[in-house]
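Observations on the model geometry
Chain by chain, the residues run as shown.
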Amino acid sequence: MSASASGSLLSASTTTRASARNAARATSANARAALRASTSTNPPRGAVRATALRPPRNRAGETSTATDVTSVVCAPFRGAYRWIHNLADAVGWQLIAFVGSCHFGLKGALMGLVGHASLPYAQRVLKLSAEQSQRYGIVAMFPWSIKPVVGMISDVLPIGGYNKRYYMFGASLLGAGAVTYLASATLGDDHASAMTYVSALVLINLQVSVVDLLTEGKYTEKMRQLPEMSGDIVSFVWFSLLCGGLFATIISFFTLRSENYRVMFWCAIPFSAQCVFTSYFGLMPEPAVESSKRACVGPANRELVRRHQKIFTLGTFMGLACAVNAAAQLMTSNMYAELVITASVAIALSFAMFWAMPPRLAKATLFLFLTNTVSVSFGSAMQYWFTVDETCNPGGP
C-alpha cells in the first residue's frame, strides 16, 4: 500500500474516533440535565419531610414562635372572657357587675386590706395585748352573727319600695364613713381609741355582711330559676372573691413596708365607697314592691311573718343571743363568766333549732354548729405569738 493511502486511512480513523467522543459527551450532558429536572419536579422523600418540618418564615425571616407564645398566654383570658360573657347572657350583666362589686370590692379587697392592717395597727398603734385583740375581734365580727335578723327585716319591711337596695345603701354609707375615719384619724394607745377602732370595725363588717347577705339572696334566686347555671354562678362568686383578696395582698405587700398603716385604710376607701353608688343607683336588678312604691318605709309584710313565725322567732333569738355574747366581751374580763354565758346561749340555740326547724334540717344545722364549736381557734393570740419581738417571746418565731 502506498504512503498516501495509508495517510488517508489514518486520518479517517482519527476523525471517526473524535466524532464518537463528542457524541458520548453530548449524551452524558443531556442525561444529567434530565436528572436535575426530574429531581426539582419530584424531590426525594427525605427532602419533602424536611421541608414540611421546617417552620414558616415571615418577611423578616423570623419564625412564628412569638405568635405561638402570645396565643398560649392569652388563651386563659379569652376563655375567661367567653365564660363570663355566656354567664352574663344567662343571668344579666347587672347581676354579674354587682356580684363583682360585692365579692371583689368588699369581701375580697376591702376585707383583705383591713384585715392585713389590723394586726400591726393593734400591736404598734393601739398597743393592745393578745387577749384584748382577741376580745375586740369577736366584737368586731358581731354583724356577721345577726345576718338572719337583717334578712328577716329586709324581707318584711321594704324601704322606698325595695327590699334590698336601701338596706345595702345605708350599710355602705356607714362602712365607707368608718373606713374614711380610720384613714384620717390619729388614734393612740388609750382605751377610748381602742373603743373607737372597734366601733369602726363593727361598721365595716356591717357593710360587708349586709351587702353579702342580700347579694346571696339574689343570685340564689337566679340559681333556682336557672339550675343549669348554678355551678357557673358559684364559680364566678368565688373567682371574684379570690381576685379581690389577691389584689389586696399585692397592695399590702408594698404599703406595709412603710409602717404607715393608715395608708392601708386610704387604699380601702375606694372599694368601700364604690358600693355606695352601685347600691343606690340599683345596679343589682330588683323589682319594686308594688304596695310600698310611694311609702318611705313599709308597709310590713305581716303575711310572711305569720307563715314563718317560728323561723322569725328563732332568728330574733339568735340576734339577741349574739348581742349578749358580744357585750360580755366588753363588760367583763372574767373568763368563767364568759364561758357560762356562751355555753348557755349554745345550749338554748341547740334546743330552739329543733323547735323551729324540720328535724332533718335541725340535725344538719346542729352538726355544723357543733363542728365549729369544737374547732378551737386561738385567733389573734396565735398571730401575736408569731409576730412579737424577742423581749416578749424569747426564742420565738
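Everything below is about the structure shown above.
These remarks concern the structure in this document. (Residues numbered from 1 in each chain as written. Predicted model: local features only at pLDDT ≥ 70, side-chain atom pairs only at ≥ 80, totals over all residues. Heavy atoms only, no water.)

1. Focus: the nonpolar core
Applicable threshold: Buried residues of nine kinds, namely Ala, Val, Leu, Ile, Met, Phe, Trp, Tyr and Cys, make up a nonpolar core once their side-chain atoms join them within 4.5 Å. For every residue, the accessible area (1.4 Å probe, protein chains only) is compared with the maximum for its type, and the residue is labelled buried under 20%, exposed over 50%, or partly exposed between those bounds. Helix and strand labels come from DSSP, where a helix needs a run of H or I of at least four residues and a strand needs a run of E of at least two; each type is numbered from the N terminus. The contact criterion used is simple: two residues touch if any of their non-hydrogen atoms lie within 4.5 Å.
Residues Leu110, Tyr197, Ile204 and Phe265 are the most contacted members of the largest nonpolar core, which totals 62 residues. Broken down by secondary-structure element, the contributors of at least two residues to this core are helix H3 (65-91), helix H4 (93-124), helix H5 (130-140), helix H8 (165-184), helix H9 (191-225), helix H10 (230-255) and helix H11 (262-280). Broken down by element, this core gets its largest block of residues, 14 residues, from H4. When near neighbours in sequence (up to four residues on either side) are disregarded, Phe265 contacts Val114, Ala117, Tyr121, Val179, Leu182, Ala183 and Tyr197. Counting 7 residues, the second-largest nonpolar core is a separate cluster that includes Leu314, Met353, Ala362 and Leu366.

2. Side note on the pattern of salt bridges
Under the convention used in this document: For this document, the term salt bridge refers to a Lys or Arg side-chain nitrogen within 4 Å of an Asp or Glu carboxyl oxygen.
Across all of its chains, the model carries 8 salt bridges by this definition. One salt bridge connects Glu131 with Arg135, and the closest N-O pair in it is separated by 3.2 Å. Pair noted here: Glu131 and Arg135 are both in helix H5, with a separation of 4 residues, about one helical turn. A salt bridge links Arg306 to Glu303, with the shortest nitrogen-to-oxygen separation between them at 3.0 Å. Of this pair, Arg306 and Glu303 both sit in helix H12 (residues 302-307), 3 residues apart, which is roughly one turn of the helix.

3. Looking at the packing of aromatic side chains
Worth spelling out the cut-off: Stacked, tilted and edge-to-face are the three classes assigned to paired rings of Phe, Tyr and Trp, where Trp is represented by its six-membered ring and a pair needs centres within 6.5 Å; plane angles under 30 degrees give stacked, over 60 edge-to-face, the rest tilted. The rule is short: NZ of Lys or CZ of Arg within 6 Å of the ring centre and within 35 degrees of the ring normal puts a charge over the ring.
Under the definition given, this model contains 12 aromatic pairs. On the basis of an interplanar angle of 75 degrees and a centroid distance of 6.4 Å, the ring pair of Tyr166 and Tyr280 is categorised as edge-to-face. On the criterion of sequence distance, the pair formed by Tyr166 in helix H8 and Tyr280 in helix H11 is long-range, its members being 114 residues apart. Every member of this aromatic cluster is reached through a ring pair, and the members are Tyr162, Tyr166, Phe169, Tyr280 and Phe281. Arg165 extends its terminal NZ or CZ atom over the ring of Tyr162, reaching a point 4.1 Å from the ring centre.

4. Observations regarding empty space enclosed by the protein
Going by this rule: The pocket and cavity definitions rest on a 1 Å grid over protein atoms only: a 1.4 Å probe that fits but cannot leave marks a cavity, an open set with protein on both sides within 12 Å along at least five of seven lines marks a pocket, and residues lining either have an atom within 4 Å of a point. Grid points are joined across faces, edges and corners, and a volume is the space filled by probe spheres set on the points. All residues other than Ala, Val, Leu, Ile, Met, Phe, Trp, Tyr, Cys, Pro, Asp, Glu, Lys and Arg, Gly among them, are scored as polar; the first ten of these are nonpolar and the last four charged.
Scanning all chains against the criterion turns up 1 cavity of 30 Å³ or more. The computed volume of the largest cavity comes to approximately 40 Å³. If you go around the largest cavity, the residues you meet are Leu87, Val91, Leu95, Ile96, Val99, Tyr219, Ile233 and Phe236. Secondary-structure elements contributing two or more residues to the lining of the largest cavity are H3, H4 and H10. Considering every element that reaches the lining of the largest cavity, the biggest residue donor is H4, with 3 residues. Considered class by class, the residues forming the lining of the largest cavity number 8 nonpolar, no polar and no charged.

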